[in-house]
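# Descriptive analysis of the structure
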Amino acid sequence: MRLRFLPPSPIKTSLFHLLFPPNSLRTNSVNSPRLFSTRRSSLPRMAIPPKLISSSSSSIATSAPGNSLECLASKLWIKFRRESIFAMYTPFVVCLAAGNLKIETFRNYISQDLHFLKAFAHAYELAEECADDDDAKIAITELRKGILEELKMHNSFTQEWGLDPSKEGTINSATVKYKDFLLATASGKVEGVKGPGKLATPFERTKVAAYTLGAMTPCMQLYAFLAKELQALVDSEDGSHPYKKWIDNYSSDGFQASALQTEDLLDKLSVSLTGLELDIIEKLYHQAMKLEIEFFNVQPLSQPTVVPLTKEHNPVEDRLVIFSDFDLTCTTVDSSAILAEIAIITAPKSDQAQPGNQIARMSSADLRNTWGLLSGQYTEEYEQCIESILPPEKVEFNYEVLCKALEQLSDFESKANARVIESGVLKGLNLEDIKRAGERLIFQDGCTSFFQKIVKNENLKANVHVLSYCWCADLIRSAFSSGGLDALNIHANEFSFEVSFSTGDIIKKVESPIDKVQAFNNILENYGTDRKNLTVYIGDSVGDLLCLLQADIGIVIGSSSSLRSVGSQFGVSFLPLFPGLVKKQKGYIKESSSNWNAQSGILYTVSSWAEIHAFIFGW
C-alpha cells in the first residue's frame, strides 16, 4: 500500500476537534494535537492530513476567467464552475467541437438562440431603466449594442446555414423557461423584491439592475469559456470545420471583452448591497447556469454521441462496472495520515500508566518519533525503487513489460508494510475512533454525489468497487456510510482486532499494483459472461496504473507527477478527457461500447469529479 508519511507539523486545534469532538475519544489523548503536511509531491508519503474545506475552490481558482477573486462575479463563476463543466460535456457541445454536429441540429439551436437573444436585449433595456448611475447606464447601453450586433450576426448566419430569418421556429420548453426567468428578473419579479412600478427610491431600482446582471453574467461568461475551450481544439488553418465561424465569434477578443465588461458591471452594481441581497444574486446566477445547461441539453440530436457514456446502457445486455481508488482519488487526505494521527493522539503519555485490560502501546512521543523514522526510510527507498524500474529511454507501450517492472514496486510496498507492522505503531487503535474519523473524512468535491447518482439510479444497475491500499477497510466503509453509500463494494486491507482494539497486524488483501490488478480481474471473472462488461477505473497514482490500463476507460484524477513519469516512460499517453472525447466523436459512427478498448495505452485525465460525472451520466 502507499505509505504517505512526513514528520508531523502543528495544526489548529479545530482540526483535531472536527475529527474527535470533545469527550469522543475512549482512550487518553495528548495535548497539542498535530497532523502532517498537506503538500503533495511526486513521491508517495505516509501522511497527508485532511483539508477541512472543500477542495473545489482551490482547484478551479487558477483556471476561472474573470477578475480578481475579491470580485463578486469571479467568486460566483468559481463557485459554480461545476455547471460550466456540465455544459461543456453536453452532446451538443461535444458534437459542435468535433465538427460533425448535424446541420439540422445547429439550425434548431440558432433558431432557439434568436428567441433568447431578443429576450437578452430586452433585459438589458430594462436594466438600463433601473440603473441610476450614468456610468452604469452607459455600460449597459454598450452591452445591449453588443447583443444587437450578435443578432445581426445570427441573421447573416441563417442564410449560410439554410434558415429563413423571416420564419421563427417553434420555441422549445427550455428556451421558454430561460427567457421567462430572465425577463421576470429584469422586471423585478424576484422573490422578496418589489416590482419596478412600486419601487420607491432610485436605490431600489438599482438593486433590480444588479439582479438582472446577476442573471445575465453567467450566460456571457459561459459562452466565452466554451468558445475558448473549443477554439483550442480547432486548427486555425482548417477551413473545413463547419462551425469555425461560430467558434471564432465567441472566442474573439470583442466577445471576451464583453463578457468581462458584464462581470465588471455586476461588481459595480453590487458593491453596496447587503448580504441578503448578494444571496439573491447568487441564487439568480446559479439558476441561470442551470438553465443554460438545460438549453444545450435539450437540443435534438439524431446522431450517435460518445456522451454521456450511459445513454445506451441496457442492463439486460450490458454490465457497467466502475472501479475507483480511495486515498486522494476520493478523499482530500490519505487514510494512513488519519490512522497515524489517531495512533498518536490516543496514545498514552510517557508518564501515564496504561490500563491492564488493553493492548500495550508506545507512548505518544515514541510513536511520533517512530512514524518520522518510517517516513524518512519509506520516502528515500521509494524514490530509489521508482528510479530503478524506469527504462533509460521511453519505450513503446507494452502492458506485460509494465507489469513486470511494477513487480519490483509491489515487493517494495510489501516490505514497507511489514516494517510498519513490526514497529507496533498500529497497536491499540480503537475501532470506534477509526469509524468516527471515517465519518468526518473529507471527500473530493463531487465524489460523493457521483456515487450517489449510481446508487440511486435503479435502471442503471451499475456495479461499483473501491480498490484501496488502505490499512483499515473499516475507515473506508465508515466514510462512505456517512454519505449513504453502504452499497459500495470495498476491497482493502483489514486491521486485526482483539475486542475493539487493533493488535498492530494487518490482514493483507490489497497492498501493491499487482494485488490491485489481480483483484480487478478476479471481480470481472466472478461476474461471468452473461453480459458484456464495460469497465471504468478512476485513480491517481502509480499503484493504480495497471488497473487504469486494464479497464476499458482509465481516468486519472489529480496531478501525480510520479504516475505521469512512470507511465510516459513506458509509452502510456495521457490525454485530457474533453479533447479525447471530441477526438472520439469525430470518428464515432455507431452506438457501441466497443469504441473503448482495454490496454490501449491511453489514459484520460481530469481535474475534478464533475468531469467524470458529466462524461458518464450527463446532467
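Residues numbered from 1 in each chain as written. Predicted model: local features only at pLDDT ≥ 70, side-chain atom pairs only at ≥ 80, totals over all residues. Heavy atoms only, no water.

## Some remarks on the packing of aromatic side chains
Operational definition: Each Phe, Tyr or Trp ring (for Trp, its six-membered ring) is paired with any other whose centre lies within 6.5 Å, and the angle between the two planes then decides the class: stacked below 30 degrees, edge-to-face above 60, tilted in between. Under the DSSP-based scheme used, a helix requires at least four consecutive residues in state H or I and a strand at least two consecutive residues in state E, with every element numbered from the N terminus. Remark: exposure states derive from per-residue accessible area (1.4 Å probe, protein chains only) relative to the maximum for the residue type, with buried under 20%, exposed over 50%, and partly exposed in between.
What the rule picks out here adds up to 40 aromatic pairs. Ring geometry for Y223 against Y250: centres 5.0 Å apart, planes inclined by 55°, an arrangement best described as tilted. In this pair, Y223 sits in helix α9 (residues 202-231) while Y250 sits in helix α10 (residues 244-251), placing the two residues 27 residues apart along the sequence. Neither Y223 nor Y250 differs from the other in exposure class; each is buried. Both rings, one in F451 and one in W609, keep their centres 5.5 Å apart while their planes meet at 55°; by these two values the pair is tilted. In this pair, F451 is assigned in helix α17 (residues 447-456) and W609 in helix α23 (residues 609-616), connecting sequence segments 158 residues apart. Judged by relative accessible area, F451 falls into the buried class, the value being 0%. Accessibility expressed as a relative area gives 0% for W609, which makes it buried.

## Overview of the sheet that holds strand β10 (residues 553-557)
One key point about sheets: their strands pair by backbone hydrogen bonds, in either a parallel or an antiparallel sense. For the record, the criterion: Any two strands are treated as partners once DSSP identifies two or more bridges connecting them. Working convention: axes come from line fits to C-alpha atoms, limited for helices to the stretch in contact. Angles between N-to-C directions cover 0 to 180 degrees. Any two residues whose heavy atoms approach within 4.5 Å are treated as being in contact.
Ordered by their spatial adjacency, seven strands build an open sheet running β6-β5-β3-β9-β10-β12-β11, and the pairing between neighbours is parallel. Only two strands of the sheet have a single neighbouring strand rather than two, namely β6 (489-491) and β11 (573-576). Sheet twist, expressed as the average angle between the axes of neighbouring strands with direction ignored, equals 25°. Where strand β5 (residues 463-467) and β6 come together, three bridges link them in parallel fashion. Each bridged residue has a counterpart across the sheet, and for H465 the counterpart in β6 is N489. Strands in contact with α17 are β3 (318-324), β5 and β9 (532-539); relative to β3, the strand with the most contacts, it is inclined by about 155°. Its contacts with the sheet place helix α21 (residues 561-569) against β10, β11 and β12 (602-606), and it is angled at close to 125° to β11.

## Regarding the packing of helix α13 (residues 335-346) against helix α14 (residues 364-389)
In plain terms, the rule: Each angle gets one of four labels, with under 35 degrees taken as roughly parallel, over 145 as roughly antiparallel, 65 to 115 as roughly perpendicular, and the rest as oblique. Definitions for this section: a left-handed crossing has its near helix turned counterclockwise from the far helix by less than a right angle. A right-handed crossing has that turn clockwise. Asp, Glu, Lys and Arg are counted as charged, while Ala, Val, Leu, Ile, Met, Phe, Trp, Tyr, Cys and Pro are counted as nonpolar; the rest, among them Gly, fall into the polar class.
Between α13 and α14, the shortest axis-to-axis distance is 7 Å and the interhelical angle comes to 150°. Taken together, the axis directions place α13 and α14 in an arrangement best described as roughly antiparallel. The interaxial crossing formed by α13 with α14 has left-handed handedness. For the pair formed by α13 and α14, the contact residues are A340, A343 and I344 on the first element and S364, L367, R368 and W371 on the second. Class assignment for the residues of the contact of α13 with α14 results in five nonpolar, one polar and one charged.

## A word on the confidence of the model for the chain
Here is the rule we go by: pLDDT gives the predictor's per-residue confidence on a scale running from 0 to 100.
When pLDDT is averaged along the chain, the result is 85; 81% of the residues meet or exceed 70. With pLDDT under 50 throughout, residues 4-18 is counted as low confidence; its partners more than four residues away or in other chains account for 48 contacts.

## With respect to the pattern of salt bridges
Rule in force here: We count a salt bridge whenever a side-chain nitrogen from Lys or Arg sits within 4 Å of a carboxyl oxygen from Asp or Glu.
Here the structure, examined in full by the defined rule, presents 18 salt bridges. Of the charged contacts in the structure, one is a salt bridge between E125 and R144, with a shortest N-O distance of 3.6 Å. One end of the pair, E125, is in helix α6 (residues 103-130); the other, R144, is in helix α7 (residues 134-160), with 19 residues separating them in the sequence. Residue R144 is classed as partly exposed on the basis of its relative accessible area, which comes to 26%. R319 serves as the salt-bridge partner of D530, at 2.7 Å between the closest nitrogen and oxygen. You can see D530 sitting in the loop between α19 (513-527) and β9 and its partner R319 sitting in strand β3, a full 211 residues away along the chain. Exposure remark for D530: the relative accessible area of 56% places this residue in the exposed category. Its relative accessible area of 3% is what places R319 among the buried residues.

## Quick word on the pairing of β12
Most of β12 is tucked away, with four of its five residues classed as buried. Bridge count between β10 and β12: three bridges; the pairing is parallel. Following the sheet pairing, V556 is matched in β12 by T605. Relative to β12, β11 is paired through four bridges, and the arrangement is parallel. Note on β12: the bridge partner recorded for P576 is T605.

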